[in-house]
Structures are given as C-alpha cells and as structure tokens.
Amino acid sequence: MTTRFTVDGRKVSLLGYGAMRLPTVDGGHANNWLLDASKRSIDQEHLNRQVRRLLDCGVNYFDTSPAYCRGESETCLGIALKACGRPRGDYVIATKLSNFAPTQWTLAACKEMFAKSLRALQTDYVDNYLLHSIGNGGFSTFSKRYLENGAADWCLELREKRLIRNLGFSYHGDKKAFDWCIEHHDKYKWDFCQIQMNYVDWRHAKQVNARNVDAKWLYETLTAHKIPVVIMEPLLGGRLARYNWAIANELAPLDPEASLAKWALRFCGTFENVMTVLSGMTFDEHIEENVATFSPLKPCSSAELAALERAAEAYLSCNAIPCNSCNYCMPCPYGLDIPTILTFRNAHLAGDGPRDARKILREYAKAVPEELRRADHCTGCGRCNPHCPQQIDIPKEIATIDAAIDVLKAEVAR
Amino acid sequence: MKAVRFMAKTFVRLLFLVAVTGAFYGLPFCWLAARAERFLWALVLTILLGRFFCDALCPLGIVQSLVNWVFHPRRHVRRVCTRLPETKAQRIVRWSVLGACVALAAVGCAGFASLPLPMSVYGKALLLWWPGVTLGAVVVVLAAFCKGRIWCNWVCPYGTVFNLVSRLSLVKDKVGPGCDNCRLCFPQTKREKSAGDQSATVSAAEGGATRRETLKGVALLAAADKLTDGGLADVSLPVVPAREAPVLPPGAVDRRLFSLKCVGCQLCVANCPGECLKPSTSLPTFGQPQLDFRYGYCIMSCVRCGEVCPEKAIEFLQREQRPHVHLGYAVWEKDRCVRTTNGDSCTACVRKCPVRAIHLVKGFPFVNRDVCIGCGACEHVCPARPLPAIHVQGFARQRVVNPISEADLIAEMRARLDGGAAVVVARDGVIVAIEEGEGLAPLLKLYDARRLAGTIVATRTVGRAAAAICAVGGARLVVAVTAGKGAGEILRARGIELRAAQTVERILDRKRKDSCPMEKAVMSVTEPEKMIEAIRKAMRK
C-alpha cells in the first residue's frame, strides 16, 4: 500500500475508505434505494468484515460524517473499528461538522454535533476534522454555518486541545468560500483539504456545470499553499467505473486489462500532493480491486494522462446529468427518489439514438417501482437544490425527465 | 365431415377465447376479437348462422364449453340449442332476467343491469376481485355440475334475444331425424359427481384477478429541516375527492347514455395506458369505468379506451379530435393547497398541466376553465393529503371545443413569442409547451425531452442550427420571425415547412457584432444529426 503523508505521526494509506455508501442487508449500498425502506438497514456484520480486511491490507483512512447514511454511518463505522480490535493508533478517522440545517447553525449545536460524533465513533479524539462542504448554498450560508457563530474558531481550539489532530475543509459549490479559506490560511493553518477530483473534473468541471471549479486549479492552489489534498468522488459516484463505450474506446488500447475504475483511481493517485483517495467501496470486490490498484500505485505516464484527457472529453459528449448518488438531496419532502430518477435518466434517456418507448417505461417502473416517487410528483419547491454538491438544478432536470416520460407514454398509447 | 366441422369449430372457439383474453392483457389487435361482441353485428350473424355468436365467439360461452368438456369428457354435449324442449322454469327465469335488465337499465341502473351480460361477466372475472371472481366462479361451477351451458340457456339476456332471433336464421340447428332425443343437451337437475379436477378450471377463470397491482402510497414529510442525508419520506395515496359528477373516459360523451350503453366489461380498464380508468363502485354504475387519478391521468393524445370498447359505449374518437374533447374542469381549493398549509412554493399542477390551463396568479394556482380538458394530471400530482387540493369535476356531457384554425393558432403562438417566450410548441391544435430562455438552450431542452415530433414550432430566430434541431426532432411546421438563409433548405430536405416574416443573410450573436456562435459551430456540417452534436459541443464551451 502506497503511503505519502503522515497524520499525527502515522502514515496514511493513499487509498481511503469513504463511509457514505455502506453495505446494506438487502445487498445494495446504503444509497441504493431499490427495496423497501424498512429493509435498507446497514449490514453491520458485513461492514465489520470489510473494515478488518481493509486494515489488514493497509488501508487506514476512514472518512465519515454525521449526515451520511441517514445519520448511521458514524455509529456503524465506530462499531466496526471497535470490533476489529486494533489499537486506536492504527487507523485515522475523519469526520465532519455537517451543520447543514439552519437549526444547527448555533455554536451550541455544533458542539453538540462534535460530542455526538465522538460518542458514535467510540473514540476520545478525531484525527481529521472537516468543515463539511463549504460553499454549498453560497458564501452567505458558509458564513452563517462557520464564521458568524464562531464555529471555525472553536475548531482551532479543538485542535489546540488535541481533541482533533488536524483541521481541514471539504469544498463544493461557491468559489468565494474556497477563496476565503485560502486567504485565511495563515490564521487557520489548514492541515488538509478535501476536494472533488477526477479526470473529468480536472479540466472540464465548468463544462459539467458553469458554477463548478476545475479540480486542476483547486489542486494547484492548494499545492502552492502546501495544503495536502484528500480526494473525493474519484469515480463520480461510480459513473466513471461503469462501462462506458466512449471512455473504454480511449483507454483500452493502452492497457486492455485494466478496469475503468483502476484508470480513474490511478489518475488521482498520480499527483504528488494527494494524501489519500477516498472510495466508497460497498462491495468486497471493490475493496480487493482498489487495494490491488494502490499496492503499490503505478503513477500515470504523460501518454496515459493524455488518453484520460481524451476520455474525459468523450465522457462529456454523453451528456449525463452529473449526479453522483451522494443522497445529500434526500429525503425529498415530497417522497421523490431523486438520485434514482437522475441515474435512470443517464442510463436510459440520454443520447440521441432511437429508443423503444415500452422498454424504457418498463425500465422506469423497475428503477422507481413506487409511482408516487416518480418524476411527475416533483412540486418544484427547490428544497433539494441547496443541498446538491454538484450544483444540479434538480427540479428543472426532473421536469425535463418527466416531459420525456410523458412523450414515451403518448408513444405507447398510439 | 363431422370431425372436420368439430375441429373447425374448436379452432374458432379457441382462437376467439385466446384473442378476447389477450385483449384484457393488452396484446395488440386482440380488441378486434372483443369487438365481435358488438350486439348488432352479432344479431346479424345470428340471423344468418343461428347462435353462431354464442357458440364460437362468446368468451363466456367458450369457457363453459371447455368446463363441460373437462367434467363430462365422454358425453357429447350439444352446443346451445334453440330447438330443444325447455322447461317452463327455464323460460320464466330467462325472460325475467331479460326483463329485469331492461327495467334496471330503464331506471338508470345500467351498470347493475349489465351484470349478467357475457362480456361483463368474463371481463369482471378476469380483472375484478371479489365481485368478478365470484360471478365467474358461479358460471364455471354451474357449467361443471350441470350439463350444457346453464348460463347461456338460463340467465344470459343475450342468449334470450339470440334464441328468439335464431328461429329466423338461415342455418338451423339440425334437430330432427338425427336426434334421438337423448336430452343430454338438456340441463338436468340431478347432480352428478364430476370426474375432473375442479380447482384446475376455477383457477383458469381467476387467474387474471391477481393482476391488479398493489397499492402504493405517499405522505408529505413535515416541513422540518433535514438533518441527515438519504432515506425516503413516507408517501401515501390521496383520498378520492367527492365529485359532483364522475369523470368519464373520452368519447363517453353523455353520462346518462354512457351508463346505459356500457356493460362494464373492464376491457378499457385493462387497456388504459394512463392507468386512470377504474371501475366504479357505486350501485347504479357498478363496474363501469370512471377516471380515478390516484394512479395516473388521462393522456391527451390517447384514444385507446374508445378503440377497444366492444359496446361502442365509448366512441372511437379521431386522434386529432381528442385534445378538444373536454372531460371536465379542475377545481382548486385554497385551504387544502400546500401553499396555504405549509407555505411551500409548490408548482406541481402548474408544471404538469399538458395544456397550460393553470397559471400562478398572485402566488396561487388559477385554473383557466376554457382551456382545461379535465385530464386529471393536476389532481394526480397534487401533493396535498389526504385530499388533493385540486380535483376534476366531470361534465354531464363532454364538450367538444372547436379546435381553432391553424392560422389563429399560429397567430397566438406569435403573440406568445412577442410576450417573451423563446419557443412555443403546438400539437393537435393546442399549445403544449412554452419555453423561456436564451439562445438554443430552450429548443434543445424540448428536443431532449422529445417533445417536437409532429408539432408546430414557433421561435424568434431560426438559423441552420435551430433548423437542424427541429428537423431531427420531427417538427411539422416551423414558424419564425427571422430565418437564416440556410434554415429553409435543411427543413425542406425533411419535408418541413418554414414560415418566416423575414429572411436574413446571417444571424448575429447577442451583442449583434459577430455571427451567432452556434451558427459558426454548424457551418461546416451538413447532416442535421451531426449538427446537433456540434451544437452540444459548442454549448459546453
């Protein structure tokens, strides 16, 4: 296992475990809502086995948040880490100050959230603590969440008291928030920063969404300030790992045996200032494959980077909605299954080719079995929008999808 | 000869049974077989061929014959026969049933009156749970334990009429010299133990009833802040609102006439692509289809129910006519609307209305009843629970609103463009989409949603790029204020007409300094499909 940086004197593996897509008892991951809500509890036994296996393989960075998996991620990860019986010094825990709701914007609520994290994770301290998704909802939200209430300064106190060892932030959304953090680096001395980086966002983030910032610029800015980088969404929620003819066409000639996931992870690992690459490995096979990729990591050559750049362009031509199924938008107050609808759209409605209306409607009914959770029940209230780290205009996209579905229905009725 | 006749008859019987049953499960063209039940047509057949309908086309009759055959395989039970002696009791029952049906229909309980009709029994047995399966089971059990087609000879009102008419028929049942008066064809009161396995045949009649999908439901999550990610809010189905008048399928025309004509066979219910036709549960109209918007809504371009209706109770509308048939009108209730109850900025009904009859006026939805077609899309998507805040009231008599002429329609579309819309799309004489925005994005959005096929597209400016999108999208007519020089060529190549107020050499960009960047992007491309790719690429930059 390749290692580069240290946290509190401990070497950190270049591959990290993201606890946002934990395995569930129905066999999917916690963000995969194919089955009845009652059946979607996290498979603790399975998680325990996975965590033990990861530690055996040398993966020792675990990233979670109080908001993940309907709030169960921290608890389940805490149990799993305890159950593997390793000393606390063997692994690094990263968790976040996920005070998204306005009711959590007071300092007291933040303190309560941190105390709850410690209890849930069954630990006395947190290695890496992050201000969660700064920039989501604009700079004013960032200011209200962390600056006006003094939460950021309180985090500095935590670091002095060694209740947290490192302080960092994860960034999505408004660039102003990122700029502010970099400007105030002298005061906060950020120990690391978590950004979305992959070969599509490297230079084409703006093409995916005009409000995004290229990962290249973020990475170079952070490197210039000597802030180590933690990478999230290296596979775009699995979208870069799934078979895509356009991508495979560019990459397979260079290494016909490598999976698309391996390519994407190698890209992220190539850059020297990367501390760890987070992957939400739901299935055992994901763990084995990714561990193999990083043991040791073979950096990409310049020819390979050029091929990845071409692959990114090819991927963009697929015109996909950039949803990573992170489920930050969920639960929708009106019961819609937003990530599944968007994922369905990417799989079955994108592209200009001919299509069989009956087949697509069947797939739709399979993807979203409950009629009341489908696109037409969107009220356009827009409560989901501020939560989306990819800045997707969700009600607008859902309306377009619903219009397309209506056309298909009319076709079938003919 | 006898064997050939028997085989031919069996073939026709099975063919029709399979075809009619197939119609209930949406197999294509099977409804043609179901329409063979059209009474008058059958009457003519009867005059020509005797009780040919009962013998070979009636699905209920064929099922009874099959049951007879399973339980009494060795007895040759003749088909429904007109010439054999029948008991006084039988005659009394037959005519009383017919009389009761006519009387019930006369007082307006047509749904109930049509209960004993064969298509009604068969359809209900396939698709309705307890009332239908019970009825079907009664028929099957009667056929199994007695001999002959008890239902046809004792109950069926059609049977009674056909019996009478068939006395005039050209082809007569051959009873006479060949008949040894074995009376096997004659129902016996004495029960005989059956030989076959009864459950096997009963299940054949029941099979379809399990098809009804399970009900799924939604309740509005409290407006509280979400604290964690993931999970799904509870959902529940709304309660069906009390309607002054039921909403009837398009083509049912008059409520009173429809209730007399419809036999409640469930064929339209089984075939409704919008999944909004459901059998009524109230007594006078029992089993007759009504629109229930909990599971779907009436698709504006769909005429399937009229197409399949075996009784012509639902008229077969022309597809172009369909959007102009108004089934009812939407009624909005302020107290129930989530805009009132939790101050949410819900626009579900406004977004969903296919004819844009609902507008937000001072923050609340306002229904334009002149335009509303009563399709129920708004009621279907309304999130208010338990009762939806917007619901449809049916018309006592469906209204056909004269479609406006194409010239008037285009004039209205032009007015919308002047009012600030970027693209206006009309189909079947109705404006179906109005998009706002800059450049090609609104048009491309409509193209991605495949909403351009067979439409009139009105937009301010049409260059080669916009023309390509319209051409590939399958528009019928493109209306523009300004058209670029190459646009007409692309459209003409696909047989699309272009009507523009003025034609210009080149289209300028927003600053009016340079050529439009989209036009530049498609400059060197000739094929419309490839041009769309080029447009997408240019838009990303």
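We now turn to the structure provided with this report. (Residues numbered from 1 in each chain as written. Chains lettered and ligands numbered in written order. Predicted model: local features only at pLDDT ≥ 70, side-chain atom pairs only at ≥ 80, totals over all residues. Heavy atoms only, no water.)

### A word on the state of the cysteines
Residue and element names in this part refer to chain A. Where we set the bar: Criterion for a disulfide: a pair of cysteine sulfur atoms at a distance within 2.5 Å. Buried, partly exposed and exposed residues are distinguished by accessible area as a fraction of the type maximum, computed with a 1.4 Å probe on protein chains only: under 20%, between the cut-offs, and over 50%, respectively.
Within the structure shown, the criterion is met by zero disulfides over all chains. We note that Cys 76 lacks a disulfide partner, and the nearest cysteine sulfur, in Cys 69, lies 7.6 Å from it. Just so you know, Cys 300 is unpaired, no disulfide at all, and the nearest cysteine sulfur is the one on Cys 268, 9.1 Å from it. Overall, Cys 300 belongs to the buried group, its relative accessible area being 9%.

### Quick look at the packing of helix H20 (residues 441-448) of chain B against helix H24 (residues 528-540) of chain B
Packed helices, taken two at a time, are described by their axes: the angle between them and the distance between them. All names here are of chain B. So the rule is basically this: What counts as an axis is a line fitted to C-alpha atoms, over the stretch in contact for a helix, and the angles between N-to-C directions run from 0 to 180 degrees. A helix here means a DSSP run of H or I that spans at least four residues, while a strand means a run of E at least two residues long, and both kinds are numbered starting from the N terminus. An angle counts as roughly parallel when it lies under 35 degrees, as roughly antiparallel when it exceeds 145, as roughly perpendicular when it falls between 65 and 115, and as oblique in every other case. Each crossing is labelled by how the near helix is turned from the far one, with a counterclockwise turn of less than a right angle marking it left-handed and a clockwise turn marking it right-handed. Contact definition: two residues touch when any of their heavy atoms are within 4.5 Å. Ten residues, namely Ala, Val, Leu, Ile, Met, Phe, Trp, Tyr, Cys and Pro, are considered nonpolar, four, namely Asp, Glu, Lys and Arg, are considered charged, and the remaining ones, Gly among them, are considered polar.
Where H20 contacts H24, the two axes come as close as 12 Å, and the packing angle between them is 125°. Relative to H24, H20 is oriented oblique. Note that H20 runs across H24; the crossing there is left-handed. Residues Ala 441, Leu 444, Tyr 447 and Asp 448 of H20 form the contact with H24, whose own contacting residues are Ile 532, Arg 536 and Met 539. Here the residues of the contact of H20 with H24 sort into five nonpolar, no polar and two charged.

### A few points about the environment of B:Cys152
Looking at where B:Cys152 falls in the secondary structure, it is placed in helix H10 (residues 150-155). Since its relative accessible area comes to 6%, B:Cys152 is described here as buried.

### Focus on the nonpolar core
Here is a general trend for soluble globular proteins: nonpolar side chains tend to be buried in one another's company. Stated precisely, the cut-off is as follows: As used here, the term nonpolar core means buried Ala, Val, Leu, Ile, Met, Phe, Trp, Tyr and Cys residues forming a set that is joined through side-chain atoms within 4.5 Å.
In terms of nonpolar packing, the biggest core is built from 162 residues, with A:Ile338, A:Ile398, B:Phe24, B:Leu443 and B:Ile469 touching the most fellow members. Residue contacts for A:Ile398: discarding those within four places in its chain leaves A:Leu336, A:Ile338, A:Ile341, A:Leu342, A:Ala375 and A:Cys378. In this structure, A:Leu121, A:Trp190, A:Leu236 and A:Phe294 belong to the second largest nonpolar core, which totals 96 residues.

### What about helix H6 (residues 151-160) of chain A?
All names here are of chain A. Extensive coverage of H6 is indicated by the burial of seven of its 10 residues. Residues Ala 151, Ala 152, Trp 154, Cys 155, Leu 156, Leu 158 and Arg 159 constitute the buried set of H6. Close packing links the buried residues of H6 with strand S5 (92-97), helix H4 (107-121), strand S6 (126-134), helix H5 (139-147), strand S7 (164-171) and helix H8 (185-188). Directly after H6, the chain includes Arg 162, whose backbone phi takes a positive value near 60°.

### Comments concerning the packing of helix H7 (residues 175-183) of chain A against helix H10 (residues 215-224) of chain A
Residues and elements named next belong to chain A. Contact pair H7 / H10: the axes reach a minimum separation of 11 Å and the direction vectors enclose 10°. When the axis of H7 is compared with that of H10, the two are roughly parallel. Listed contacts from H10 to Lys 175, Phe 178, Asp 179 and Ile 182 of H7 are Trp 217, Leu 218, Thr 221 and Leu 222. Class assignment for the residues of the contact of H7 with H10 results in five nonpolar, one polar and two charged.

### Considerations on helix H13 (residues 284-293) of chain A
All names here are of chain A. Stated precisely, the cut-off is as follows: By arc we mean the arc of the directions from the helix axis to the C-beta atoms, nothing more.
Taken together, the buried positions of H13 are occupied by Ile 287, Asn 290, Val 291 and Thr 293. The buried side chains of H13 occupy one side of the element, clustering within an arc of 150° when seen end-on. Facing away from the buried side of H13, by more than 90 degrees, are the exposed residues Glu 285 and Ala 292. For H13, the elements touching its buried residues are strand S3 (15-18), helix H1 (44-57), helix H12 (260-270) and strand S10 (274-279).

### Some details on the packing of aromatic side chains
Residue and element names in this part refer to chain A. We apply this condition: Only centres within 6.5 Å qualify two rings of Phe, Tyr or Trp (six-membered ring in Trp) as a pair; their planes then separate them into stacked at under 30 degrees, edge-to-face at over 60, and tilted for everything else. Lysine and arginine charges are scored as sitting over a ring when NZ or CZ, respectively, is within 6 Å of the ring centre and within 35 degrees of the ring normal.
One pass over the full model with this rule turns up 25 aromatic pairs over all chains. Ring centres of Phe 169 and Trp 190 lie 4.9 Å apart, and the angle between their planes is 80°; this geometry places the pair in the edge-to-face category. Within this pair, whereas Phe 169 is found in strand S7, its partner Trp 190 is found in the loop between H8 and strand S8 (192-196), the two being separated by 21 residues in sequence. As far as the burial class goes, Phe 169 and Trp 190 line up, both buried. Between Trp 202 and Phe 271, the ring centres sit 4.4 Å apart and the planes meet at 35°, which makes this aromatic pair tilted. With Trp 202 in helix H9 (residues 201-208) and Phe 271 in the loop between H12 and S10, the pair connects residues that are 69 residues apart, well separated along the chain. What makes Trp 202 buried here is its relative accessible area of 10%. Clustering of aromatic rings is evident, with ring pairs tying together Phe 139, Phe 142, Tyr 146, Phe 169, Tyr 171, Phe 178, Trp 180, Tyr 188, Trp 190 and Trp 217. We note Arg 266 situated over the ring of Trp 263; from NZ or CZ to the ring centre the distance is 5.5 Å.

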